[in-house]
Amino acid sequence: MASNSGNDQSKPKGTAKRGFAAMDEATQRAIASKGGQAAHQKGTAHEFDSEEARRAGQKGGEAVSRDREHMAQIGRKGGESRQSAARANAAKNATASHSAGSEQSAKGGNQQGGKPAER
């Protein structure tokens with residue numbers, strides 16, 4: 001039997017990142033940006049018009065809405081957010097009205113008995 005002492009077979013072949021994939025994200029972005037700029041200068045870059053963008057967004061929305069569980073999660077999250085915002089507003093308004101009443105009492109404008117204080 002021949003041994004493969006020179007080949008390490010514990011590592012699958014072809015999994016190492018090479019070329020563009022091996023670069024850090026900032027370098028990838030810089031190179032991609034240059035490519036986009038060149039395409040615009042050359043006049044071959046694709047630009048969405050509003051109608052095409054609308055169709056693309058609609059297609060994406062249809063794909064997402066097929067997942068009913070995902071849509072249910074989104075709805076629950078929105079409801080929780082709205083409910084907590086309403087509670088925060090209610091607490092804020094209660095605090096504001098309480099402090100306004102305290103300011104009036106301190107100035108003598110809101111006294112018991114309904115009679116203004118004599119000065």
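Reading the values: rules and limits
Residues numbered from 1 in each chain as written. Predicted model: local features only at pLDDT ≥ 70, side-chain atom pairs only at ≥ 80, totals over all residues. Heavy atoms only, no water. Helix = DSSP H or I, 4+ residues; strand = E, 2+ residues; numbered from the N terminus. Buried < 20%, exposed > 50% of the residue type's maximum accessible area, 1.4 Å probe, protein only. Areas by Shrake-Rupley, 256 points an atom, 1.4 Å probe, with all protein chains shown as cover. Salt bridge = Lys/Arg side-chain N within 4 Å of Asp/Glu carboxyl O. Expected span 1.5 Å × (residues − 1). pLDDT = per-residue confidence, 0-100. Contact = heavy atoms within 4.5 Å. Polar contact = N/O pair within 3.5 Å; in protein donor to acceptor, adjacent residues only side chain to side chain.

The chain is annotated in an unreviewed UniProt entry as Stress-induced protein from Duganella vulcania.

**Q** Teacher, can you tell me more about the overall build of the chain here?
**A** Secondary structure assignment for the chain yields three helices and zero strands. For the chain, the sequential pattern of α-helices and β-strands runs α-α-α. Counting over 119 residues, the chain shows a buried share of 0%. Surface accessibility of the chain: about 10900 Å² in total, with carbon and sulfur atoms responsible for 51%.

**Q** Looking at this model, I keep getting lost on the pattern of salt bridges. Mind explaining?
**A** Close approach of charged atoms allows side chains of opposite charge to pair. Applying the stated rule across the entire model yields four salt bridges. Taking the shortest distance from any N to any O, the salt bridge between Arg-54 and Glu-51 comes out at 2.8 Å. Linking Arg-54 with Glu-51, this pair stays in helix α2 (residues 50-65), spanning three residues, or about one helical turn. The exposure class assigned to Arg-54 is partly exposed, which follows from its relative accessible area of 45%. Given a relative accessible area of 36%, Glu-51 falls into the partly exposed group. Taking the shortest distance from any N to any O, the salt bridge between Glu-51 and Arg-55 comes out at 3.7 Å. Residue Glu-51 and its partner Arg-55 are both found in helix α2; the two are separated by four residues, about one turn of the helix. Given a relative accessible area of 45%, Arg-55 falls into the partly exposed group. Beyond isolated ion pairs, a larger network of salt bridges with shared partners links Glu-51, Arg-54 and Arg-55.

**Q** I would appreciate a short explanation of helix α1 (residues 25-42) in the present structure.
**A** Note on helix geometry: an α-helix contains 3.6 residues per turn, so any two residues three or four positions apart are oriented the same way. Taking 1.5 Å of rise per residue, 18 residues should cover 26 Å, and α1 covers 26 Å from first to last C-alpha, within 8% of that figure. Once α1 ends, the next one or two residues include Gly-43, with phi positive near 90 degrees.

**Q** Whenever I open this one, the confidence of the model for the chain confuses me. Can you help?
**A** The predicted structure's coordinates, where accompanied by low pLDDT, should not be read in detail. Of all residues in the chain, 70% have pLDDT values of 70 or greater, and the mean over the chain is 78. Of all the helices and strands in the chain, helix α3 (residues 68-107) carries the lowest mean pLDDT, 77, while α1 carries the highest, 92.

**Q** Explanation requested: the environment of Glu-47 in the structure shown.
**A** Mapped onto the elements of the fold, Glu-47 is located in the loop between α1 and α2. In contact with Glu-47, not counting residues within four places along its chain, are His-40 and Glu-52. In this structure the side chain of Glu-47 is engaged in a polar contact, spanning 3.4 Å, whose partner is the side chain of His-40.

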